[in-house]
Amino acid sequence: MAATVFFLDPVPGVGEIAVLDGQEGRHAATVRRIGVGERLVLADGRGRVADAEVTSVGKDRLELLVSDVQVLEQPKPLVTLIQALPKAERSELAVELATEAGIDAVIPWQSLRCVAKWEGPKLAKGVARWRSAAVSAAKQSRRAFVPEISDLHKTAAVIALIRDAVARGAVVAVLHESATTPLAGLPLASADEVFLVVGPEGGLDDSEISALSEAGATPVLLGPTVLRTSTAGAVALGAIGVLTDRWGPRPLH
């Protein structure tokens, strides 16, 4: 059976003792009831992972002896999801699915037709929920990297970001059901960076599509069906995983 992944920053070196406490320690010692002699994988969320054996168990706390450390490289191309805010009940689902599919970064976007509005106290809470969802999904999917969740972006900031990304050679794909260019038609395999733009439930406004296109993004068709905003990013990541070398590495063991 593969060892369970827990996040710890920093991850100690070989022969050193790692202390797992706080929320992770409570989950390991109290919820999972992990005992002495069991092996865990420790990850710092940025590619450094360690194989470790539990040497002692306390209240909401584990001590582990690190026997091996690896520093993994992120898969290429790096993929960032610009995600328009879904409705409340599906908001974190978009982040969870994208994280499980391998996303490297997520930018929450307050687009024109978003039903959800992150304003006032909701702003900080929304970003915090997405970051928590990313950590949980990264652990569940045995990832060495936790995707970065940016602060909320308005449309002007998204356009500026895309313009800069295109200037440095990134591929920017806007998923849209009326597009004629297939996702597979983009030069994904040769790109260092890919940005996926996913609109809200009500779809992208025509003015947004025009502005995104003028900034250098390409509207693309993902497939023959119209997907929910919360699932489109993960499906696109699956396609990119097959069309590039991103899905070469195996899960953590």
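Before any of the text, the structure's been laid out above.
To keep things clear, this report deals only with the structure shown in the data block. None of the values given here were measured: they were computed from a predicted structure. (Residues numbered from 1 in each chain as written. Predicted model: local features only at pLDDT ≥ 70, side-chain atom pairs only at ≥ 80, totals over all residues. Heavy atoms only, no water.)

Another aspect to go through is helix H5 (residues 206-214). Taken together, the buried positions of H5 are Glu208, Ile209 and Leu212. The buried residues of H5 all sit within an arc of 100° when viewed along its axis, so they share a single face. For H5, exposure combined with an orientation more than 90 degrees from the buried face picks out Asp206 and Glu214. Looking at the buried residues of H5, the elements they touch are strand E7 (105-110), helix H4 (155-167), strand E10 (171-175), strand E12 (193-198) and strand E13 (218-221). Looking at the residues trailing H5, positive phi occurs at Gly216, about 115°. (Buried < 20%, exposed > 50% of the residue type's maximum accessible area, 1.4 Å probe, protein only. Helix = DSSP H or I, 4+ residues; strand = E, 2+ residues; numbered from the N terminus. Arc of directions from axis to C-beta. Contact = heavy atoms within 4.5 Å.)

Here we come to the environment of Gly199. Inspection of the secondary structure puts Gly199 in the loop between E12 and H5. Since its relative accessible area comes to 10%, Gly199 is described here as buried. Taking the C-alpha atoms as reference, Gly199 lies 8.3 Å from Val174; in sequence the two are 25 residues apart. Once residues lying within four places of it in the same chain are set aside, the contact partners of Gly199 are Gln83, Ala84, Leu204 and Thr229.

Per the counting criterion, the structure on display carries one aromatic pair. Taken together, a centroid distance of 5.1 Å and an interplanar angle of 75° make the contact between Trp118 and Trp130 edge-to-face. Here Trp130 lies in helix H3 (residues 121-140) and Trp118 lies in the loop between E7 and H3, a separation of twelve residues in the sequence. Per residue, the accessibility class of Trp118 equals that of Trp130, and both read buried. (Phe/Tyr/Trp six-rings, centres within 6.5 Å; stacked < 30°, edge-to-face > 60°.)

Here the focus is the layout of surface pockets. Of the pockets and cavities examined, the second largest pocket occupies roughly 400 Å³. Looking at the second largest pocket, it is lined by 21 residues, and the ones nearest its centre are Leu175, Glu177, Val226, Leu227 and Ala232. For the lining of the second largest pocket, the elements supplying multiple residues, two or more each, are E13 and helix H6 (229-243). Among the elements that line the lining of the second largest pocket, the one with the most residues is H6, at three residues. (1 Å grid on protein atoms, 1.4 Å probe; cavity = no way out; pocket = protein on both sides within 12 Å on 5 of 7 lines; lining within 4 Å. Points joined across faces, edges and corners; volume = space filled by probe spheres on them.)

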